Amino acid sequence: MEQLDYKKSKRKYWLLSAASVIVFVFIWWFSTAVLKLAKPITLPDPVTIIKTFIVKLTHTAPDGGTLVGNTLASVKIALSGYVMAILVGVPLGVLMAWFKPVDRFVRPLFDLLRPVPGIAWIPLMIVIFGIGITSKIVVIFLTAFVPCVVNSYTGIRQTRDVHLWVGQTFGASNLQLLTTVAIPTALPFIMTGIRVALGSSWCAIVAAELLASSEGLGFMIQQARGINRPDIIICGMLAIGAIGALMTFLLGIVEKHVVKGVMHK
Amino acid sequence: MDRERQIKNKMITMQHVAKTFVTERKTTRIIDDISLEVKENELVALFGPGQCGKTTLLNVMAGLEKATSGEIIVNGEKVTRPGPDRGFVYQTLALFPWLTVMGNVCFGPRMRGISKKEREERARYYIDLVGLKGFEDSYPVQLSGGMKQRVGIARAYCNEPSVLFMDEPFGHLDAQTRYLMQDELMRIWEKEKRTIVFVTNNIEEAIYLADRVIVLTNCPTQVKKEYIIDLPRPRDYVDPGFLALREDISSVVDKTL
């Protein structure tokens, strides 16, 4: 009985979520295709968007890449910079929080770099590396690096004294305390940092491609703007949204397997 | 008598131990010259008013904090730092939330590099002893307060220390669970005798559990008086002897706001 109620309420909320999308698309369709409030050249109706989306999946015009190709190009660069940021940022944050000298050494530099938004690096990177892959990977790296460091640092600092005492009374060495007490404590925070970094990486890649690129979703959008193709712009935005949501979803699954002993909602 | 047979060797000796905390603004004397002895397999309760430095005293005995002066010897060795021969049961939130019951109980042996098979076998014995058979794979978040404290006790026992320190382990439990856990601790202790130093601010708990109650003064803490509790176990809260002791101890303990 309770199980049934649970399923029923779950279905109800699912319907509610679906309704929001349906209502939005309907209003869009009604105001463009029926009421013709906007010219198709300014805001096309949803049916046109779907058509363009399907065509663009396999056609390279007008920017020289298919939707799939552009998406892959963006994802590849974003993930390379992102993974490097995790590999460097998380250990750095952990070490800063655990070893005071590391903190003292790194902090001034880090505090100076931290407020500089990732995309503010783009002009300098273009000057140094040109508009190729390298400059964008470095921009993504710098963007994703900050939340990785900050969250790992904060996480390690959450370690409870009483847990450290327990570790000590059981004879754990300083390194053992770090690996068996502090890092597990920090793991939920580290995962949050990794999740935030994913979002900002994805934003930064699109921004970087809008400014300087020869392929990718941002580039495709920028090209479509130049020739007044709002349908392609919207297709690009849809792809950005969908890929971002998908990556967040996948990371959520990873998180559930990594972070133990908390109530997963 | 049975108790005399079991309690003969000295397990803990503290001599003129003092502890002073120094900060930039002021120095605070927490412990003022305490000397005491605890014998093997004895259950001693440290009982004192509110913030009288009981926990500090326990931390000093465990080696978590250094004594400013004086000497502590546990099982023939001078205490300079924490070690696996001294187990600790804390008030609450001391379990590792990211480990299962099994993982928590195994923690001590794991730190000492004991093989997985051996430590899990040993952990199973103590999990069973504290009455948590079947909960090996549960996470602390899934357990009630009383069950968490059972895990805490099993974890301390599993490392096979010579002394167990318990810092108000039942302090955060509701009254009903607290009584239950006191009986459980008695049952566990009768089955697996250990030297236990038990800090409490609950006078009945002290008399109910301990072989000996050491009453501490307000800060800076000294030993006010010692009581040997030779009431037969299991004890009864409304037994005239119990009530007389309660009356007596209440009259000597310092009052605080």
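Residues numbered from 1 in each chain as written. Chains lettered and ligands numbered in written order. Predicted model: local features only at pLDDT ≥ 70, side-chain atom pairs only at ≥ 80, totals over all residues. Heavy atoms only, no water.

Caption draft 1: Broad picture of the packing of aromatic side chains. By the definition in use, this model includes 18 aromatic pairs over all chains. Aromatic side chains A:Trp29 and A:Phe30 sit 6.5 Å apart centroid to centroid with 50 degrees between the ring planes, which places their arrangement in the tilted category. Residue classification places A:Trp29 among the partly exposed positions, given a relative accessible area of 34%. Ring geometry for B:Phe170 against B:Phe198: centres 5.9 Å apart, planes inclined by 55 degrees, an arrangement best described as tilted. Of this pair, B:Phe170 sits in the loop between β7 (163–167) and α6 (175–191) while B:Phe198 sits in strand β8 (residues 195–200), and the two are 28 residues apart along the sequence. Each member of the pair, B:Phe170 as well as B:Phe198, is classed as buried. One cation-aromatic arrangement involves A:Lys12 over A:Tyr13; the distance from NZ or CZ to the ring centre is 5.8 Å. (Phe/Tyr/Trp six-rings, centres within 6.5 Å; stacked < 30°, edge-to-face > 60°. Buried < 20%, exposed > 50% of the residue type's maximum accessible area, 1.4 Å probe, protein only. Helix = DSSP H or I, 4+ residues; strand = E, 2+ residues; numbered from the N terminus. Lys NZ or Arg CZ within 6 Å of the ring centre and 35° of its normal.)

Caption draft 2: How the structure looks around the side chain of B:Thr100. Among the structural elements, B:Thr100 can be located in the loop between β6 (86–89) and α3 (101–111). Here B:Thr100 is in contact with B:Glu136, B:Asp137, B:Ser138 and B:Tyr139, once residues within four sequence places are set aside. (Contact = heavy atoms within 4.5 Å.)

Caption draft 3: Just the interface of chain A and chain B, in detail. Opposite the 19 residues of chain A that make contact, chain B presents 23 residues. Interface area for chain A against chain B, summed over the two sides, is near 2000 Å², with a carbon-plus-sulfur share of 70%. Looking at the side of chain A facing chain B, the largest losses of area belong to A:His163, A:Thr169 and A:Phe170, adding up to 34% of the total buried there. Remark: the boundary between chain A and chain B carries zero salt bridges. Our count for the contact surface shared by chain A and chain B stands at one residue pair in polar contact (both at pLDDT 80 or more). Among the secondary structure elements, those contributing two or more residues to the side of chain A that touches chain B are α7 (161–169) and α8 (174–211) of chain A. With seven residues, α7(A) is the single largest residue contributor to the side of chain A that touches chain B. When grouped by side-chain class, the residues that make up the side of chain A that touches chain B number eight nonpolar, nine polar and two charged. (Buried area = accessible area lost by both parts, 1.4 Å probe. Salt bridge = Lys/Arg side-chain N within 4 Å of Asp/Glu carboxyl O. Polar contact = N/O pair within 3.5 Å; in protein donor to acceptor, adjacent residues only side chain to side chain. Nonpolar A, V, L, I, M, F, W, Y, C, P; charged D, E, K, R; others polar.)

Caption draft 4: Expanded view of the sheet that holds β6(B). Residues and elements named next belong to chain B. Spatially, β6-β7-β8-β3-β9-β10 is the arrangement adopted by the six strands of the open sheet, whose pairing is mixed. Either end of the sheet is taken by a strand with one partner, and the two such strands are β6 and β10 (223–228). When the angles between neighbouring strand axes are averaged without regard to direction, this sheet yields 20 degrees. Note that strand β3 (residues 43–47) and strand β9 (residues 212–216) share four bridges and pair parallel. Along β9, the bridge assignment pairs Val44 with Arg212. Where helix α5 (residues 145–158) meets the sheet, it contacts β6 and β7, and its direction lies at approximately 175 degrees from that of β6. Contacting β3, β9 and β10, helix α8 (residues 240–252) crosses the sheet at an angle of about 170 degrees to β10. (Pairing = 2+ DSSP bridges. Axes fitted to C-alpha atoms, helices over the stretch in contact; angles between N-to-C directions.)

Caption draft 5: Structural view of unusual backbone geometry. Residues and elements named next belong to chain B. The step from Cys219 to Pro220 runs through a cis peptide bond, and the omega angle for that step is -10 degrees. Positioned with a positive phi, Asp33 is a non-glycine residue whose angle comes to about 55 degrees. Along the chain, the position of Asp33 falls in strand β2 (residues 27–39). Overall, the relative accessible area of 37% leaves Asp33 in the partly exposed class. Phi angles above zero are rare outside glycine, and Asn75 is one such case at about 50 degrees. Along the chain, the position of Asn75 falls in the loop between β4 (69–74) and β5 (77–78). Its relative accessible area of 45% is what places Asn75 among the partly exposed residues.

Caption draft 6: The sheet that holds β4(B), seen in detail. All names here are of chain B. An order of β2-β1-β4-β5 is seen for the four strands of this open sheet, with the pairing classed as antiparallel. Strand pairing shows two members of the sheet lacking a second neighbour, β2 and β5, which therefore form its edges. The pairing of strand β1 (residues 10–22) with β2 spans nine bridges and is antiparallel. In the sheet register, Ile12 faces β2, and the bridge partner there is Val38. Sheet contacts for helix α2 (residues 54–62): β1, β2 and β4; angle to β1, the most-contacted strand, approximately 120 degrees.

Caption draft 7: Spotlight on the environment of A:Asp231. Residue and element names in this part refer to chain A. Mapped onto the secondary structure, Asp231 falls in helix α10 (residues 230–258). Separated by 72 residues in sequence, Asp231 and Thr159 place their C-alpha atoms 51 Å apart. In this view, Asp231 contacts Pro44, Ile49 and Thr52; residues no more than four positions away in its chain are not counted. Only 2.9 Å separates the side chain of Asp231 from the side chain of Thr52, close enough to count as a polar contact.

Caption draft 8: Looking closely at the environment of A:Leu198. Residues and elements named next belong to chain A. As for its position among the elements, Leu198 is in helix α8. Expressed as a C-alpha distance, the spacing of Leu198 and Pro147, which sit 51 residues apart in the sequence, is 9.5 Å. Once residues within four sequence positions are removed from consideration, Leu198 is found in contact with Tyr82, Met247, Thr248 and Leu251.

Caption draft 9: Just the domain arrangement of chain A, in detail. All names here are of chain A. When cut into domains, chain A gives domain 1 (1–37) and domain 2 (44–258). Here the C-alpha centre of domain 2 lies 31 Å away from the C-alpha centre of domain 1. Both faces combined, the contact of domain 1 with domain 2 buries some 380 Å², and carbon together with sulfur accounts for 84% of it. On the domain 1 side of the interface with domain 2, the three residues burying the most area are Trp28, Trp29 and Thr32, jointly 84% of the side's total. (Domains from an automatic or database assignment.)

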